[in-house]
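Chains, contacts and geometry: an overview
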Amino acid sequence: MKKAIQSIVILSLLLTQLLCSIVQAHEVYINTSKVEHTINLPQQEMAFDSFGYNAFISLDLSDALSLSFSRGEWTQKKDNHEVLVGDMAIKSVGSAAHYSINDAWYLSLFYDKWQDSIQAHNKKHHLKVYDEYNHSKSYTASLGWGKEIGSYYLSLSTTMSQTDWQSERTVSIRKNITSHTSQKLDTTVASLAVDMSHFVLLSQDTALTYGAQLSWHQLLKDTLTQDQSTQLKRNNITRRTNLKNRANQSNQLTTEDYGQISLYAILQLSERWNADISLNKNFATNSVATQDETYFSLGLGYHF
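For the structure given in this document, a descriptive report is provided here. Along each chain, numbering runs from 1 in the same order as the chain's sequence is written. Restriction of local features to residues with pLDDT of at least 70 applies here, the model being predicted, together with a cutoff of 80 or more for giving and counting side-chain atom pairs; totals for whole chains, interfaces and linings are based on all residues. Calculation of side-chain values draws on the structure's entire complement of heavy atoms; hydrogens and water are dropped beforehand.

What follows is about the environment of Thr163. Counting from the N terminus, the helices are DSSP H or I runs at least four residues long and the strands are E runs at least two residues long. Along the polypeptide, Thr163 turns up in strand β7 (residues 152–174). Each residue is assigned to one of three classes by its accessible area relative to the maximum for its type, calculated with a 1.4 Å probe on protein chains only: buried under 20%, partly exposed between the two thresholds, exposed over 50%. Relative accessible area serves as the criterion here: at 0%, Thr163 is assigned to the buried category. For the pair Thr163 and Ser138, spaced 25 residues apart in the sequence, the C-alpha separation amounts to 4.4 Å. Counted as a polar contact is a pair of N or O atoms within 3.5 Å, where, for protein atoms, one must be capable of donating a hydrogen and the other of accepting one, and residues adjacent in sequence contribute only when both atoms are in side chains. For Thr163, the side chain forms a polar contact with the side chain of Ser138, separated by 2.9 Å.

The structure is reproduced here in structure tokens:
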């Protein structure tokens, strides 16, 4: 799930920069995206695939400086119609500052907070069998260069991101036995990206921008602190887990090197309205489970 959110965030930032370059004005933007996550329980698993939203507002303070703020939320209640029922809730907030150094160079700074909670209950025994809370905060700096080449736009960017992440997870192995895991993770990731887009004027008020981005994300630092214990619960004591919740915004959390290709299209519907569609796919990952991850997103924006 952390990787999926990260991909959504990176592409959202890409689309934000492109949309702001099309029309220099204040903007309200919302998109929908899908988050997938599977929890493994003794002798079974539960898969979540929640659709949620990310709302964004950008304010141009001058021709060179703009500020943006975002909020995202994904929720799902999952019932496998057998034994388990589960709940997943994800929330994220973010802020950013974009500064155009000159016509070619720009600098962006991001701060993001993320939290999620995942729970699963055994309907037959009325027992909470899985309880997980995560939260994180991320700091990101990006330096980019862009140039118009006729109706095409070429951009190169380098990004450095640092994320502090904490997790608390409790799994019931049997009715009176639980396994508790507490984790703290500190990561630093450096990224390089190249992007090429094409602008097509369809009519006086409508236009299409489509393109692709190729990026590589290199893990520079990965410090993990973990505490795991298995405990026998006493029937006369109620155990409580600290709500330490965790990732886009920016959920730039990864524990491996990987590449990513992003395809996108932005349709300017009128002078004020635009819509976009995007697709992300990871490649060259060390984990077989994440090699085929593909992410899809739809968005709608309004300039004022």
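Having seen the model, we can carry on.
With respect to the secondary-structure elements, Lys113 resides in strand β5 (residues 105–122). Lys113 gets classed as partly exposed once you look at its relative accessible area, which sits at 45%. Considering only alpha carbons, one finds Lys113 and Ser92, 21 residues apart in sequence, at a separation of 5.7 Å.

Let us now look at the pairing of strand β2 (residues 44–60). As defined by bridge partners, strand β1 (residues 27–41) adjoins β2 across 15 bridges and the pair is classed as antiparallel. Pairing of Glu36 across the sheet is with Asp49, part of β2. Where β2 lies against strand β3 (residues 65–79), nine bridges are found, and the strand directions are antiparallel. Across the sheet, Ser58 pairs through a bridge with Ser68, a residue of β3. The pairing criterion for strands is at least two bridges between them, as found by DSSP.

Another point: the pairing of β3. Adjacent in sequence and paired antiparallel, β2 and β3 are bridged by four residues. Of the strand pairs in this sheet, β3 and strand β4 (residues 84–100) are connected by 15 bridges, and their pairing is antiparallel. Considered in β4, the bridge of Gln76 is made with Met88.

Structurally, the position occupied by Glu132 is in strand β6 (residues 127–149). Side chain to side chain, Glu132 and Tyr130 meet in a polar contact 2.4 Å long. Within the structure, the side chain of Glu132 is placed 2.9 Å from the side chain of Asn134, a separation counted as a polar contact. Residues are treated as being in contact if the distance between any of their heavy atoms lies within 4.5 Å. Non-local contacts of Glu132, meaning those with residues more than four positions away in its chain, are made with His37, Asp116, Ser117, Ile118, Ser167, Glu168 and Arg169.

On to the pattern of salt bridges, then. By definition, a salt bridge exists where a carboxyl oxygen of Asp or Glu is found within 4 Å of a side-chain nitrogen of Lys or Arg. As enumerated under the stated definition, the model contains five salt bridges in all. A salt bridge links Asp87 to Lys77; the shortest N-O distance between them is 3.4 Å. Taken together, the positions of Asp87 in strand β4 and Lys77 in strand β3 put the pair 10 residues apart, joining distant regions of the chain. Among the salt bridges present, the one from Lys221 reaches Asp186, with a minimum N-O distance of 3.0 Å. One end of the pair, Lys221, is in strand β9 (residues 207–232); the other, Asp186, is in strand β8 (residues 177–201), with 35 residues separating them in the sequence.

A word on a nonpolar patch on the surface. Taken together, Leu156, Val194, Leu214, Trp216, Ile261, Leu263, Ile277, Leu279, Phe283, Phe296 and Leu298 make up a surface patch of nonpolar side chains, about 880 Å² in accessible area. Elements supplying a minimum of two residues to the nonpolar patch: β9, β10 (258–268), β11 (273–283) and β12 (294–303). Sort the elements by how many residues they give to the nonpolar patch and β11 lands first, with three residues. Residues enter a patch when their relative accessible area is above 30% and they make no salt bridge; the linking distance is 9 Å between like charges and 5 Å between nonpolar side chains (Val, Leu, Ile, Met, Phe, Trp, Tyr). Where accessible areas are quoted, they stem from the Shrake-Rupley method and a 1.4 Å probe; at the residue level, only the protein chains shown are allowed to cover.

Another aspect to go through is the nonpolar core. The term nonpolar core refers to a set of buried residues drawn from Ala, Val, Leu, Ile, Met, Phe, Trp, Tyr and Cys, joined through side-chain atoms within 4.5 Å. Core analysis: the largest hydrophobic core is formed by 16 residues, its most contacted members being Ile39, Leu41, Val129 and Tyr130. Mapped onto this core, the elements with two or more residues apiece are β1, β2, β4, β5 and β6. Ignoring sequence-local partners within four residues, the contact set of Val129 consists of Leu41, Leu84, Ala120, His121, Asn122, Thr170, Val171 and Ser172.

A separate point is the side chain of Thr188. Residue position: Thr188 is located in strand β8. Judged by relative accessible area, Thr188 falls into the buried class, the value being 16%. Residues in contact with Thr188, not counting those within four places in the same chain, are Met160, Ser161, Gln162, Gln218, Leu219, Leu220 and Lys221.

Of note, Arg169 is situated in strand β7. Excluding its chain neighbours within four sequence positions, the residues that come into contact with Arg169 are Tyr130, Asp131, Glu132, Ser179, His180 and Thr181.

Bringing the packing of aromatic side chains into the picture now. For any pair of aromatic rings, the description rests on two quantities: the centre-to-centre distance and the angle between the ring planes. Pairing of aromatic side chains here covers Phe, Tyr and the six-membered ring of Trp, requires ring centres within 6.5 Å, and sorts the geometry by plane angle: under 30 degrees stacked, over 60 edge-to-face, intermediate tilted. Counting across every chain of the model gives four aromatic pairs. Here Trp74 and Trp114 contribute two aromatic rings whose centre-to-centre distance is 5.8 Å and whose plane-to-plane angle is 40 degrees, an arrangement assigned as tilted. With a gap of 40 residues between them, Trp74 in strand β3 and Trp114 in strand β5 connect regions that are remote in the sequence. For the pair shown, Trp74 and Trp114 are each scored as buried.

It is worth stressing that arrangement in space is one thing and function is another; only the former is reported here.
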